[in-house]
Amino acid sequence: MTTSTMREVEHEIEIAAPADTVYALIADVASWPRIFGPTIYVEQLEHGEGAERIRIWATANGTAKNWTSRRTLDPAARKITFQQEVSASPVAFMSGTWLIEATSDTSALVRLQHTYRAVDDDPDGLAWIDQAVDRNSRSELAGLRVELEFAYAAAESTFSFEDSVQIAGSAAQAYEFIDQAQLWAERLPHVAAARFEEPTPGLQTLEMDTKTRDGSVHTTKSYRVTYPHHTIVYKQVTLPALMSLHTGRWTFVENTDGVLATSQHTVTINAERIASILGADKTLADAKDYVRNALSTNSMTTLQHAKSFAERRG
């Protein structure tokens, strides 16, 4: 490896929030799918004093990829360094640094630095990485600013809930029904069509046409990360108009009566669209109720069909 093959780039943004608050949000990887548009899911593999090892699933130039990184956290200096331990082609090497500098008591300058190299120093691969790093860095920094500067509005508009069904069967059988989403158009009454891909084991793309109560159909697209036979997490990247965020998790926990299957949702309402979609007299509370009822109806329908599927197999 020679230094001439390495690329070093930096992106920065000014954020109207205290520097310590900015640092805390970047340090908390569990919040990344909510804040950073390209991030699908982050799994914390190891955690120690000032260091951690994480696995990230994210989109790059429209393609879902995953990699493993090690991070060193220095809250006193408001500095986080990272290096990819296992990269995804065409990346051969990737490291970087988050630097948060206080510009006043209520504002901070965030700098995001990257150093990287392409596999075999391929110029096309390097160009691909250039584009992905630039797009994702701009998206991440913009998402960070929106999350912090509109924290109160986002907090009011964001909520989570879950639905559960007890199944007299095994976790593997219940999991199989949710995992095999390519068959949902045949198995679920609210799914008009399902387009499913699993380019690598454990990373799925699911695009669905879903029928609503009034007979209309809307299309959603999700990336899903699977952990047989206990968890499937997902993030919707093509959303219904009333939502600006939708992440979820299917879990399957065995107990003495079989398995408890649960569908969990986290949603942010797009408040600007409430009036045009639901009516001028509707409030944020109305929108939350509407979305929760719609998602719960579909979740419970899916869980009940998973229950029937697993119990027939049992």
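Structure's up top.
To keep things clear, this report deals only with the structure shown in the data block. Quantities reported herein were computed from a predicted structural model and do not represent experimental measurements.

Rules of the game
Residues numbered from 1 in each chain as written. Predicted model: local features only at pLDDT ≥ 70, side-chain atom pairs only at ≥ 80, totals over all residues. Heavy atoms only, no water. Helix = DSSP H or I, 4+ residues; strand = E, 2+ residues; numbered from the N terminus. Expected span 1.5 Å × (residues − 1). Buried < 20%, exposed > 50% of the residue type's maximum accessible area, 1.4 Å probe, protein only. Pairing = 2+ DSSP bridges. Axes fitted to C-alpha atoms, helices over the stretch in contact; angles between N-to-C directions. Salt bridge = Lys/Arg side-chain N within 4 Å of Asp/Glu carboxyl O. Contact = heavy atoms within 4.5 Å. Parallel < 35°, antiparallel > 145°, perpendicular 65-115°, else oblique. Left-handed = near helix turned anticlockwise from the far one by under 90°. 1 Å grid on protein atoms, 1.4 Å probe; cavity = no way out; pocket = protein on both sides within 12 Å on 5 of 7 lines; lining within 4 Å. Points joined across faces, edges and corners; volume = space filled by probe spheres on them. Nonpolar A, V, L, I, M, F, W, Y, C, P; charged D, E, K, R; others polar.

1. Structural notes on helix α8 (residues 284-313)
Turning to step 1, where the next piece is worked out: In a regular helix each residue adds 1.5 Å, so 30 residues correspond to 44 Å; α8 covers 43 Å between its end C-alpha atoms and thus fits that length.
Turning to step 2, where the next piece is worked out: Within the sequence span of α8, burial applies to L284, A287, V291, L295, S296, S299, T302, L303, A306, F309 and A310.

2. Quick notes on the sheet that holds strand β14 (residues 258-269)
Turning to step 1, where the next piece is worked out: Read from one edge of the open sheet, seven strands run β8-β14-β13-β12-β11-β10-β9, paired in antiparallel fashion. Where the open sheet ends on each side, the last strands, each with one partner, are β8 (158-167) and β9 (191-200). In this sheet, neighbouring strand axes are inclined to one another by 20° on average, regardless of whether the strands run parallel or antiparallel.
Turning to step 2, where the next piece is worked out: Sheet topology places strand β12 (residues 231-238) next to strand β13 (residues 243-255); five bridges connect them, and they run antiparallel.

3. With respect to the pattern of salt bridges
Turning to step 1, where the next piece is worked out: For the structure shown, the criterion picks out 15 salt bridges.
Turning to step 2, where the next piece is worked out: Taking the shortest distance from any N to any O, the salt bridge between E176 and R313 comes out at 3.6 Å. Taken together, the positions of E176 in helix α5 (residues 171-179) and R313 in helix α8 put the pair 137 residues apart, joining distant regions of the chain.
Turning to step 3, where the next piece is worked out: Given the relative accessible area of 24%, E176 is considered partly exposed.
Turning to step 4, where the next piece is worked out: What emerges from the salt-bridge pattern is a single network uniting E46, R53, R70 and E85.

4. Brief notes about α5
Turning to step 1, where the next piece is worked out: Within α5, seven of the nine residues are buried, which leaves it mostly tucked inside the rest of the structure.
Turning to step 2, where the next piece is worked out: For α5, the full list of buried residues reads A171, Q173, A174, Y175, F177, I178 and D179.

5. Some points on the sheet that holds strand β2 (residues 39-48)
Turning to step 1, where the next piece is worked out: One open sheet holds the seven strands; their spatial order is β1-β7-β6-β5-β4-β3-β2, and the pairing between them is antiparallel. The sheet is open, and its two borders are formed by β1 (7-15) and β2, each paired with just one other strand. Taking each pair of neighbouring strands and ignoring which way they run, the sheet shows an average axis angle of 20°.
Turning to step 2, where the next piece is worked out: Along the sheet face, helix α1 (residues 19-27) touches β1, β3 (51-60), β4 (63-74), β5 (79-86), β6 (91-104) and β7 (107-118) and points at about 155° away from the line of β6.

6. Section: the packing of α5 against α8
Turning to step 1, where the next piece is worked out: One can describe the packing of α5 onto α8 by two numbers: an axis separation of 8 Å at closest approach and a directional angle of 130°. In terms of orientation, α5 and α8 fall into the oblique class. Of the two possible hands of crossing, α5 and α8 adopt the one that is right-handed. Two secondary-structure elements touch here, α5 through Q173, A174, E176, F177 and I178 and α8 through T302, H305, A306, F309, A310 and R313.

7. Things to note about the layout of surface pockets
Turning to step 1, where the next piece is worked out: The volume enclosed by the largest pocket comes to roughly 890 Å³.
Turning to step 2, where the next piece is worked out: No other element matches the nine residues that α8 contributes to the lining of the largest pocket.
Turning to step 3, where the next piece is worked out: Of the residues that constitute the lining of the largest pocket, the class distribution is 16 nonpolar, 15 polar and four charged.

8. Observations regarding empty space enclosed by the protein
Turning to step 1, where the next piece is worked out: Enumeration over the complete set of coordinates arrives at one cavity of 30 Å³ or more.
Turning to step 2, where the next piece is worked out: If you add up the space inside the largest cavity, you get close to 460 Å³.
Turning to step 3, where the next piece is worked out: Together, 27 residues line the largest cavity, and W67, Q84, H114, N136 and E140 are the ones closest to its centre.
Turning to step 4, where the next piece is worked out: Of all elements in the fold, only β3, β4, β5, β6, β7 and α3 (123-149) reach the threshold of two or more residues within the lining of the largest cavity.
Turning to step 5, where the next piece is worked out: Element by element, the count of residues in the lining of the largest cavity is highest for α3, at seven residues.
Turning to step 6, where the next piece is worked out: A per-class count over the lining of the largest cavity returns 18 nonpolar, six polar and three charged.

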